[in-house]
Structure formats: C-alpha cells, structure tokens
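# Topology and contacts: notes
Next come the chains, spelled out residue by residue.
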Amino acid sequence: MRILFSKPKALSSISTHYCPGCGHGIIHRIIAEVIDELPQDQKIIGVAPVGCSVFIYDYFNFDFVAAAHGRAPAVATGVKRSIRDALVFSYQGDGDIAAIGTSEIIHAAARGESFTAIFVNNGVYAMTGGQMAPTSIPGQITVSSPYGRDPKIQGYHIKLCEMLEPLDGVAFIARTSIHNIKNIEMTKKIIRKAFDIQINELGFSIIEILSNCPTNWGMTPIKSMKRIEEEVIKYYPLGIFKDKGGDIK
Ligand code: SF4
C-alpha cells in the first residue's frame, strides 16, 4: 500500500493546545516537513518563546531550549556559538520579537548570528487575551484598541523585515503567509532556503510568517484567513527582501 499522507517524523504525537484553526499548527507541520527532508544526522535545536507557542518544545521530536520573553535571539546566539554544527532556530510571535525582544533581534541580526528566526505575526498579544501589539495594523480593533488602532494616538505598526533588511549581518529575509495552500507551500520553500543559508554559514536569516488568531480576532478560521489576504497583506507585503544565498535551493 502506498502511503500518501502521514505525520512528519519531526513532529511528536502530543496534541497541541492551540485553538481550532490557529496557524501555529500549520507552521509547526511545515517546519517538521522541512526538517524531515534534511540529512538524518543533522542536529536541530529550537528556542522556544513566551506566547501562545510557549509549549512548542512538546510538539517536536528534537531538543529545545526555553527562553525568557523576547530573549530567544540571545539564547539562540549562545546555543549556535556553542554547537556550530547544529541547525538552530528561534520560534517567536510578534509580541515576543517585535516588542520586548526588539533589541535582541536587531543586535543578533546586526552581528550576523548564524541562526534562523521564525517570526509568526498574527498582529495581537494572543496569549494574554488579544491586546494591541506593535504589529497591529492601523484601524485594527483589539481589546486594548476598541475603536481601532489610530496611528495618531497609538503610532504605526512595526515592519520588522523592512527594519532589518539594511543590516550587513543579515543574509536572508522574507515575509510569507499561510492563508492558503499556495502560500503554505511557498512558506515551506522559504523555510528550507533559510535553513540552507544557515547550514552554509552565510549569516543571519529570518522569516516573518503572517498568521491568524481566530480566537482573538473574533472570527471563524476561514474568515481569519480571508482577513490576512484582504487586509493584512496590504500593510505587510510578501516577498524576499534580501537573499545572499544565490543558487542555494
Ligand atoms: S489565542 Fe490565537 S494565536 Fe493563540 S492559540 Fe488561540 S488562535 Fe492561536
């Protein structure tokens, strides 16, 4: 019998705690698929954040280190410098990487640290109940911006890819989305590319993945995916912002 579909080996058998329809599950799966495609003896070490994905270490079959809120880039730096042949990635939400951890990610990128940051942007502080995040887009209604984010009062959203792109230590930056199959497949290819950049020691790599939070957006999972396509991408255009990898797949 030919097997057409199965769970990636890199994923554990523990059921996730994520809400139904949450993008974290999709992103975990595609990371696991990419890792399954790497050589079997490739060491993998993840760095877990604080946020909805705080228990990510339970969901994969390789080692993780848990970091304090926003400090995953500093922890990933230490892990990678200690174990050079490991593929090291941080997994961080927007509250983690673009607010309390802004300093860490900027300095890790500027230093050209040889790890990959996987940045999941759903535009809210999801774990704590859906407050406005630095990444909430203008007009976005959250529990702490009930009339919609007004840039004159609450300022503008942070565009991390565009901020990091000029830094010399950055080898690869891309923004992708998981709102439909085509973009999920593209995100998987981009993750593979970023990991290959790291394996070839070209410098720091980061992928921003636009994701959904149906619970705090107050929408069905399907409507939340449509919102990414119709509203969020206008403020966060997709694409590869920098690629020093050349012909690496
Ligand atoms: S609160 Fe939002 S981001 Fe967090 S698990 Fe639920 S749907 Fe996902």
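Residues numbered from 1 in each chain as written. Predicted model: local features only at pLDDT ≥ 70, side-chain atom pairs only at ≥ 80, totals over all residues. Heavy atoms only, no water.

A full pass over the atoms with the stated rule returns nine aromatic pairs. On the basis of an interplanar angle of 70° and a centroid distance of 6.1 Å, the ring pair of Phe 62 and Phe 89 is categorised as edge-to-face. With Phe 62 in the loop between strand E1 (44–48) and strand E2 (63–66) and Phe 89 in strand E3 (residues 87–93), the pair connects residues that are 27 residues apart, well separated along the chain. For the residue pair Phe 62 and Phe 89, the accessibility class agrees, reading buried in each case. An aromatic cluster is built from Phe 60, Phe 62, Phe 64, Phe 89 and Phe 195, whose rings are joined through pairwise contacts. We note Arg 227 situated over the ring of Trp 217; from NZ or CZ to the ring centre the distance is 4.3 Å. (Phe/Tyr/Trp six-rings, centres within 6.5 Å; stacked < 30°, edge-to-face > 60°. Helix = DSSP H or I, 4+ residues; strand = E, 2+ residues; numbered from the N terminus. Buried < 20%, exposed > 50% of the residue type's maximum accessible area, 1.4 Å probe, protein only. Lys NZ or Arg CZ within 6 Å of the ring centre and 35° of its normal.)

As a further point, take the pattern of salt bridges. One pass over the full model with this rule turns up 13 salt bridges. Between Glu 33 and Lys 188 there is a salt bridge; the shortest N-O distance is 3.3 Å. In this pair, Glu 33 is assigned in helix H1 (residues 23–37) and Lys 188 in helix H7 (residues 181–199), connecting sequence segments 155 residues apart. The closest approach of N and O atoms between Arg 81 and Glu 113, which form a salt bridge, is 2.6 Å. Separated by 32 residues along the polypeptide, Arg 81 in helix H2 (residues 72–82) and Glu 113 in the loop between helix H4 (102–111) and strand E4 (116–121) bring together distant segments of the chain. Look at the salt bridges and you will find they share partners, linking Arg 29, Glu 33, Glu 37, Lys 188, Arg 192 and Asp 196 into a network. (Salt bridge = Lys/Arg side-chain N within 4 Å of Asp/Glu carboxyl O.)

A separate point is the packing of H1 against H7. Angle between the axes and distance between the axes: these two values describe a pair of packed helices. Between H1 and H7, the shortest axis-to-axis distance is 9 Å and the interhelical angle comes to 50°. Here H7 runs oblique to H1, going by the angle between their axes. The chirality of how H1 crosses H7 is right-handed. Taking contact as the criterion, the partners of Ile 26, Ile 30, Ile 31, Glu 33, Val 34, Ile 35 and Glu 37 in H1 are, on H7, Ile 184, Thr 187, Lys 188, Ile 191, Arg 192 and Phe 195. Residues belonging to the contact of H1 with H7 are distributed by class as follows: eight nonpolar, one polar and four charged. (Axes fitted to C-alpha atoms, helices over the stretch in contact; angles between N-to-C directions. Parallel < 35°, antiparallel > 145°, perpendicular 65-115°, else oblique. Left-handed = near helix turned anticlockwise from the far one by under 90°. Contact = heavy atoms within 4.5 Å. Nonpolar A, V, L, I, M, F, W, Y, C, P; charged D, E, K, R; others polar.)

On the basis of which strands lie adjacent, the open sheet formed by seven strands has the order E2-E1-E3-E4-E8-E7-E9 and mixed pairing. Unpaired on one side and paired on the other, E2 and strand E9 (239–243) mark the two borders of the sheet. Across the sheet, the axes of successive neighbouring strands diverge by a mean angle of 15°, strand direction being ignored. Both E1 and E3 contribute to a ladder of four bridges, which runs parallel. Paired with Val 47 across the two strands is Ser 90, which belongs to E3. Each of E3, E4, strand E7 (170–177) and strand E8 (204–210) is contacted by H4, which is oriented at about 135° to E8, the strand it contacts most. Taken strand by strand, H7 contacts E3, E4, E7, E8 and E9, and its axis lies near 165° from that of E7. (Pairing = 2+ DSSP bridges.)

In this section: empty space enclosed by the protein. Evaluation of the coordinates by the stated rule reveals one cavity of 30 Å³ or more. Space inside the largest cavity adds up to approximately 70 Å³. Taken together, 13 residues form the lining of the largest cavity, with Asn 121, Asn 122, Gly 123, Thr 135 and Val 232 sitting closest to its centre. The residue makeup of the lining of the largest cavity, split by class, is five nonpolar, seven polar and one charged. (1 Å grid on protein atoms, 1.4 Å probe; cavity = no way out; pocket = protein on both sides within 12 Å on 5 of 7 lines; lining within 4 Å. Points joined across faces, edges and corners; volume = space filled by probe spheres on them.)

Our next topic: the environment of His 69. One can find His 69 in the loop between E2 and H2. Sequence separation of His 69 and Ile 97 is 28 residues, and the distance between their C-alpha atoms is 8.6 Å. With sequence-adjacent residues up to four places away left out, His 69 is seen in contact with Val 50, Gly 95, Asp 96 and Ile 100.

In this structure, Glu 201 takes a positive phi of about 55° despite not being glycine. Along the chain, Glu 201 turns up in the loop between H7 and E8. Residue Glu 201 is classed as exposed on the basis of its relative accessible area, which comes to 53%.

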